[in-house]
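# Architecture and fold: a report
Here is what each chain is made of, one letter per residue.
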Amino acid sequence: MIGVVVRNRPSIGAERASTLAALGVATVHEAQGRTGLFQPPIAPIQQDRAIAGSAVTVLAQPGDNWMLHVAVEQCRPGDVLVVACTTENTDGMFGDLLATSLMACGVAGLVIDAGVRDSAELRRMGFPVWARAVHARGTVKATLGSVNVPVVIGGQVVKAGDAIVADDDGVVVVPYATVDATIAASRQRMLNEEDKRKRLAAGELGLDIYGMRPKLEAAGLRYVDDLPNE
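A few points on the structure. (Residues numbered from 1 in each chain as written. Predicted model: local features only at pLDDT ≥ 70, side-chain atom pairs only at ≥ 80, totals over all residues. Heavy atoms only, no water.)

This paragraph deals with the overall build of the protein. When helices and strands are counted, the protein shows 8 helices and 12 strands. Taken along its principal axes, the extent of the C-alpha atoms in the protein is 70 × 45 × 35 Å. Expressed as a percentage of its 230 residues, the buried residues of the protein come to 43%. The long-range fraction of contacts in the protein, counting pairs at least 24 apart against all pairs at least 6 apart in sequence, stands at 77%. When the accessible area of the protein is evaluated, it comes to approximately 12000 Å², of which 52% is carbon and sulfur surface. (Helix = DSSP H or I, 4+ residues; strand = E, 2+ residues; numbered from the N terminus. Buried < 20%, exposed > 50% of the residue type's maximum accessible area, 1.4 Å probe, protein only. Contact = heavy atoms within 4.5 Å. Areas by Shrake-Rupley, 256 points an atom, 1.4 Å probe, with all protein chains shown as cover.)

Right, dumping it as structure tokens:
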């Protein structure tokens, strides 16, 4: 679907976004059945930033950032701009000027399956970015794409309004319809992990906490005091 801008889309809201950001990518990914995780090489260009928000999706042409400018008008405070390309691309499609525009709209951050440039300035500005590459090669504004249509990025399908969670561990998408269930499951996982953390800190072994010994024995693991002489 090319040459379309969809104006209406759902939003997860500020409270659920804050909750998801605090829960983090790893917990959310595990809690929703180990699904939704973006594949490398999409990675943060900074450290110690955690965001979550509703996706504004962009389908862009390689080496062309025209539709990113179009998408700015559709952004609301707390959104995450998610940019996919019609084919693999590493050109620097995003830099400090677009970041300035998105920050004026209150956008939480960018996830892009392409390159970004002005990376040092982006870090100084405090605008969080997760990208395929850092690459100085510039782009043109010549070919239409679309905004707020379903896209495939990092091996995942993202629809406008889905929740995007991003931190030092990467990026995960939570379908809009399952956000509340995923938050509940993530909170339960956090409680379980806190219990295990206390037991591990007290000296209990993961072998016993996770009931590994019978499975290891069934798999054929043997304990010997010394290696046999050859």
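On to a nonpolar patch on the surface, then. Together, I2, W66 and L144 give the surface a local cluster of nonpolar side chains, amounting to about 280 Å² of exposed area. Assignment of secondary structure puts L144 in the loop between β7 (129-134) and β8 (146-147). We classify L144 as partly exposed; its relative accessible area is 44%. (Patch = residues over 30% accessible without salt bridge, like charges linked within 9 Å, V, L, I, M, F, W, Y side chains within 5 Å. Salt bridge = Lys/Arg side-chain N within 4 Å of Asp/Glu carboxyl O.)

What follows concerns the nonpolar core. In terms of nonpolar packing, the biggest core is built from 27 residues, with L68, L81, F94, L110, I112 and V129 touching the most fellow members. Every element with two or more residues in this core is listed here: β3 (51-60), α3 (66-72), β4 (80-85), β5 (92-94), α4 (96-104), β6 (109-116) and β7. Not counting the four nearest positions on each side in its chain, F94 is found in contact with L68, A99, L102, L110, I112, G115, V116, R117, L122, F127 and V129. In terms of nonpolar packing, the next biggest core, distinct from the first, is built from 18 residues, V82, A84, V158 and A166 among them. (Core = buried A, V, L, I, M, F, W, Y, C linked by side-chain atoms within 4.5 Å.)

A word on the packing of aromatic side chains. Taken as a whole, this structure holds 1 aromatic pair when the rule is applied. Ring centres of F94 and F127 lie 5.8 Å apart, and the angle between their planes is 25°; on these two criteria the pair is classed as stacked. With F94 in strand β5 and F127 in the loop between α5 (119-125) and β7, the pair connects residues that are 33 residues apart, well separated along the chain. Relative accessible area serves as the criterion here: at 2%, F127 is assigned to the buried category. (Phe/Tyr/Trp six-rings, centres within 6.5 Å; stacked < 30°, edge-to-face > 60°.)

For the coordinates displayed, the defined rule picks out 12 salt bridges. With a closest N to O distance of 3.6 Å, R34 and E30 form a salt bridge. By relative accessible area, which is 28% here, E30 ends up partly exposed. One salt bridge in this structure joins R213 and D208, with 2.6 Å as the shortest N-O distance. If you follow the salt bridges from partner to partner, you end up with E88, D113 and R132 in one network.

Taken together, the buried positions of helix α1 (residues 13-23) are occupied by A17, T19, L20, A21 and L23. Of the surrounding secondary structure, the elements contacted by the buried residues of α1 are α2 (25-31), β3, β11 (163-167) and α6 (179-201). Note on α1: the residue one or two positions beyond its end, G24, has a positive phi of about 90°.

Scanning the model with the defined rule gives 0 disulfides in all. Summary of cysteine pairing: C105 is not part of a disulfide, and the nearest cysteine sulfur, belonging to C75, is at 6.0 Å. With a relative accessible area of 24%, C105 lands in the partly exposed category. (Disulfide = S-S within 2.5 Å.)

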